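# Residue-level structure breakdown
If you want the building blocks of each chain, they are given just below.
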Amino acid sequence: YLSEIKCFLNFVHKELGWLQYTPYIRLNRETSRPFMRLTNEDVVRLIKAAPPYMKPIIFFAISTGMRMSNIINLMWYDIDLKRGLLTVEAEDHKSQSRVVHPLCDSIRDLLVKLKGRSESPFVFTNQEQKKLQDLNRRVWYRICEKANLDGLRFHDLRHNWASRHAEAGTDI
């Protein structure tokens, strides 16, 4: 409950400007648990269970390992389709360093399709072609429930991406 209240107060402060600052709310740490390991079949079920605007986001996340915040804030000027590169600037990255991601062919194909569908400066948008403010947790939980993946967190997609690369022997 505290997390939901904190999220609401952040929204009221940042988006609506009704508060000068967000009051500090101390959250108790949840017990950590290992991430949920997904098979290829799990990934297919997850994408099939998603509404149309979420399908490319899930595919992009599992294919790139990017954080949710970087995905929803990704803009077209961050992507160089000709060279196959995606750039996350230092101020937008958790580590505060600039990161350049190479794009595999399937992600390049996805981005080409998405670019032709929207006039938005943002790569990923909601059903109304507007910027996503956040991934709706209720929608995410419904997707996971429909795919029989209860307990899957969006961040688990990042862990799966990293684990698959480590298992394949990809150089860090």
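Structure: above.
Residues numbered from 1 in each chain as written. Predicted model: local features only at pLDDT ≥ 70, side-chain atom pairs only at ≥ 80, totals over all residues. Heavy atoms only, no water.

If you trace the backbone, Ile57 turns up in helix H3 (residues 55–64). Of the residues examined, Ile57 reaches a relative accessible area of 0% and is grouped as buried. Sequence separation between Ile57 and Lys115 is 58 residues, and the spatial gap between their C-alpha atoms is 14 Å. In this structure Ile57 touches Ile71, Phe124, Leu132, Leu135 and Phe154, once residues within four positions along its chain are discounted. (Helix = DSSP H or I, 4+ residues; strand = E, 2+ residues; numbered from the N terminus. Buried < 20%, exposed > 50% of the residue type's maximum accessible area, 1.4 Å probe, protein only. Contact = heavy atoms within 4.5 Å.)

Here the focus is the pattern of salt bridges. Overall, the coordinates contain four salt bridges when judged by the stated rule. A salt bridge links Asp42 to Arg45; the nearest nitrogen and oxygen atoms lie 2.9 Å apart. Residue Asp42 and its partner Arg45 are both found in helix H2 (residues 40–49); the two are separated by three residues, about one turn of the helix. You can call Asp42 buried: its relative accessible area is 12%. The class for Arg45 is partly exposed, based on a relative accessible area of 32%. One salt bridge in this structure joins Arg83 and Asp80, with 3.5 Å as the shortest N-O distance. (Salt bridge = Lys/Arg side-chain N within 4 Å of Asp/Glu carboxyl O.)

Roughly 2500 Å³ of internal volume is contained in the largest pocket. Of all the secondary structure elements, the ones that give two or more residues to the lining of the largest pocket are helix H1 (2–16), helix H4 (68–72), helix H6 (137–146) and helix H7 (154–167). Per element, the largest residue contribution to the lining of the largest pocket is 10 residues, and it comes from H1. When its volume is computed, the second largest pocket comes out at roughly 350 Å³. Taken together, 14 residues make up the lining of the second largest pocket; nearest its centre are Trp161, His165, Thr170, Asp171 and Ile172. Elements supplying a minimum of two residues to the lining of the second largest pocket: H3, strand S3 (99–102) and H7. Looking at which element gives the most residues to the lining of the second largest pocket, the answer is H7, with four residues. Partitioning the lining of the second largest pocket into residue classes produces eight nonpolar, five polar and one charged. (1 Å grid on protein atoms, 1.4 Å probe; cavity = no way out; pocket = protein on both sides within 12 Å on 5 of 7 lines; lining within 4 Å. Points joined across faces, edges and corners; volume = space filled by probe spheres on them. Nonpolar A, V, L, I, M, F, W, Y, C, P; charged D, E, K, R; others polar.)

In short, geometric facts, not functional conclusions.
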